[in-house]
Amino acid sequence: MKLVQYRMKEGNRSPNTAWDREGTAARGEEAALRLGAVNRNGEVIPLSFSGTMRQLIEKVSHTPEYKRQIEIEAEELTSSLPMSQVTLCSPLTDPEKLIFVGLNYADHARESGMDIPAKPVLFAKYNNSIAGPEEDIWIPDEVSQCDYEVELAVIIGRTARNITEEQAVEHIFGYTIINDVSARDIQLTEGQWTRGKAIDGFAPMGPWLVTADSLRHPDELSISLKLNGTTMQSSNTRELIFNIPYLVSFLSRTMTLKPGDVISTGTPPGVGMGMTPPVWLQDGDVTEAEIQGIGILRNTFKRGCQCPEHK
């Protein structure tokens with residue numbers, strides 16, 4: 001099942017009431033953040049749940065049978081919205097944690113000039129970095145070396161604390177795509193990664209969340225990224241150094257993972273930094289991050305200090 005967060009485009013109406021990004025009362029019909037499921041025709045079926053995707057995942061974690069109710073709605077409701085009438089938002093807009101794994105493909109570590117890590121290299125981004133599919137990503141004037149990184153992201157479905165690798169799969173709600181946009185000139189010159197990673201809009205996510213039962217082999221997915229139509233990254237998630245069960249278990253040993261938390265599992269080789277000469281994102285560039293079984297996350301990059309509110 002593919003689940004989305006969306007807003008109605010101006011002039012269109014949906015029969016469902018919903019909450020906005022912060023989970024409070026909607027300020028207007030177009031501003032309201034809604035939940036839906038994508039049917040086989042690529043149309044959005046509005047769901048009755050009022051809240052954010054994180055709140056839905058929390059409800060399912062406490063009431064597992066509610067997921068079946070959502071599935072029934074997605075299967076039986078006949079009213080649907082064409083994609084032309086909606087704006088897809090990031091499938092998660094309010095996670096408690098947004099955790100990224102660096103250097104998790106051996107060949108990417110080599111192209112970065114870094115040793116293959118003995119333990120996962122971790123860093124965080126925050127909700128200010130979240131952006132949606134098709135959303136413009138603004139490159140700050142201070143950044144001259146803006147880079148792309150396609151990544152498979154894991155969405156936690158149940159509270160996980162000190163769990164084993166064998167238990168990890170039971171705690172995963174689904175998967176999505178993230179582009180871990182990075183300012184290399186800041187990341188690699190300041191002795192820490194946060195300021196060069198956690199920039200506004202630098203974690204576009206989507207186009208939707210695919211539930212775990214619909215993506216049964218996340219360790220065997222083709223993963224790629226195109227820049228202006230040219231393939232720059234192409235690999236398979238089987239090349240991960242630390243696989244998904246290990247990462248979930250490893251993180252849970254020292255921090256409690258909550259429903260809706262996002263773990264982005266790392267990027268394969270082909271990033272702009274590794275090219276000769278390096279390829280940096282420029283004003284007007286379009287990236288298409290694609291993962292088998294999920295879809296395509298497309299974003300356009302613009303240069304400037306103007307940073308509109310992210311979806």
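Residues numbered from 1 in each chain as written. Predicted model: local features only at pLDDT ≥ 70, side-chain atom pairs only at ≥ 80, totals over all residues. Heavy atoms only, no water.

S.K.: Before we move on, could you go through the overall build of the protein chain and cite the residues and values that matter?
M.R.: Across its full length, the protein chain carries 7 helices and 18 strands. A compact globule built from 311 residues would reach a C-alpha radius of gyration of about 19 Å, and the protein chain, at 19 Å, matches this within 12%. Each of the three principal axes of the protein chain carries a C-alpha extent, and together these read 50 × 45 × 30 Å. Looking at the 311 residues of the protein chain, the share that counts as buried comes to 56%. Of the contacts made within the protein chain by residues no fewer than 6 positions apart, 77% connect residues no fewer than 24 positions apart. Of the roughly 13000 Å² of accessible surface on the protein chain, a fraction of 48% belongs to carbon and sulfur atoms. Once the 30 positive and 42 negative side-chain charges of the protein chain are each reduced to a mean point, those two points are 3 Å apart. (Helix = DSSP H or I, 4+ residues; strand = E, 2+ residues; numbered from the N terminus. Rg over C-alpha atoms; globule rule 2.2 N^0.38 Å. Buried < 20%, exposed > 50% of the residue type's maximum accessible area, 1.4 Å probe, protein only. Contact = heavy atoms within 4.5 Å. Areas by Shrake-Rupley, 256 points an atom, 1.4 Å probe, with all protein chains shown as cover. Lys, Arg positive; Asp, Glu negative; His and termini not counted. Charge placed at Lys NZ, Arg CZ, Asp CG, Glu CD.)

S.K.: Break down the sheet that holds strand S8 (residues 136–139) for me, with residues and values.
M.R.: The 5 strands lie next to each other as S8-S18-S17-S14-S15, forming an open sheet whose pairing is mixed. A strand with exactly one partner marks an edge of an open sheet, and here the two such strands are S8 and strand S15 (230–236). For this sheet, the mean inter-axis angle between neighbouring strands, taken without regard to orientation, is 20°. (Pairing = 2+ DSSP bridges. Axes fitted to C-alpha atoms, helices over the stretch in contact; angles between N-to-C directions.)

S.K.: How would you sum up the nonpolar core? Please name residues and give values.
M.R.: In terms of nonpolar packing, the biggest core is built from 56 residues, with Tyr6, Tyr175, Val248, Leu257, Ile263, Ile291 and Ile294 touching the most fellow members. Top contributing element to this core by residue count: helix H7 (residues 244–252), with 6 residues. Apart from the residues within four sequence positions on either side, Ile291 is in contact with Val150, Glu151, Leu152, Ile177, Leu221, Ser222 and Ile223. Residues Leu98, Ala153, Ala203 and Leu209 belong to the second largest nonpolar core, which totals 26 residues. (Core = buried A, V, L, I, M, F, W, Y, C linked by side-chain atoms within 4.5 Å.)

S.K.: Which residues make up the environment of Leu3, and what values go with them?
M.R.: Tracing the backbone shows Leu3 in strand S1 (residues 2–8). If we ignore the near neighbours within four places in the chain, the residues touching Leu3 are Gly36, Ala37, Leu47, Met53, Leu56, Ile70, Phe173, Trp208, Leu209 and Thr211.

S.K.: Explain empty space enclosed by the protein to me, and be specific about the residues and the numbers.
M.R.: Rolled over the atoms, a probe as big as a water molecule pinpoints where empty space is left. Taken as a whole and assessed by the stated rule, the structure comprises 1 cavity of 30 Å³ or more. A volume near 110 Å³ is recorded for the largest cavity. What lines the largest cavity is a set of 17 residues, and nearest its centre among them are Leu103, His108, Glu149, Arg184 and Trp193. When residues of the lining of the largest cavity are traced back to their parent elements, those giving at least two are strand S5 (98–102) and helix H5 (184–187). Considering only residue class, the lining of the largest cavity consists of 6 nonpolar, 6 polar and 5 charged. (1 Å grid on protein atoms, 1.4 Å probe; cavity = no way out; pocket = protein on both sides within 12 Å on 5 of 7 lines; lining within 4 Å. Points joined across faces, edges and corners; volume = space filled by probe spheres on them. Nonpolar A, V, L, I, M, F, W, Y, C, P; charged D, E, K, R; others polar.)

S.K.: How would you sum up the pattern of salt bridges? Please name residues and give values.
M.R.: Evaluated as defined, the whole model comprises 20 salt bridges. One salt bridge in this structure joins Glu96 and Lys97, with 2.6 Å as the shortest N-O distance. For the salt bridge of Lys97 with Asp261, the shortest nitrogen-to-oxygen distance reads 2.9 Å. Within this pair, whereas Lys97 is found in the loop between strand S4 (86–89) and S5, its partner Asp261 is found in the loop between H7 and strand S16 (262–264), the two being separated by 164 residues in sequence. A residue is classified by how much of its surface remains accessible, and Lys97, at 16% relative accessible area, is buried. Overlapping salt bridges, with partners in common, bring together Lys125, Asp147, Glu149, Asp180, Arg184 and Lys197 in one network. (Salt bridge = Lys/Arg side-chain N within 4 Å of Asp/Glu carboxyl O.)

S.K.: Which residues make up unusual backbone geometry, and what values do they have?
M.R.: Residues Gly206 and Pro207 are joined by a peptide bond in cis, for which omega reads 5°. Assignment of secondary structure puts Pro207 in strand S13 (residues 203–211). At the junction of Thr276 and Pro277, the peptide bond is cis and its omega measures out at -5° in the coordinates. Positionally, Pro277 belongs in the loop between S16 and strand S17 (286–291). Despite not being glycine, Asn162 has its phi angle at roughly 55°, a positive value. Within the secondary structure, Asn162 sits in the loop between strand S10 (150–156) and helix H4 (165–168). Its relative accessible area of 55% is what places Asn162 among the exposed residues. Within the chain, Asn228 stands out as a residue other than glycine whose phi angle is a positive 50°. Counting through the fold element by element, Asn228 comes out in the loop between strand S14 (222–227) and S15. With relative accessibility at 47%, the residue Asn228 sits in the partly exposed group.

S.K.: Break down the pairing of S13 for me, with residues and values.
M.R.: Burial of S13 is extensive: 9 of the 9 residues sit out of reach of the surface. When S1 meets S13, the two strands line up antiparallel, connected through 2 bridges. Directly across from Lys2, in S13, lies its bridge partner Val210. Looking at chain direction, strand S7 (residues 130–131) and S13 are connected through 2 bridges and run parallel. Among the inter-strand pairings, Ile130 is bridged to a residue of S13, identified as Ala203. Two elements, strand S11 (residues 172–179) and S13, share 4 bridges in a ladder whose sense is antiparallel.

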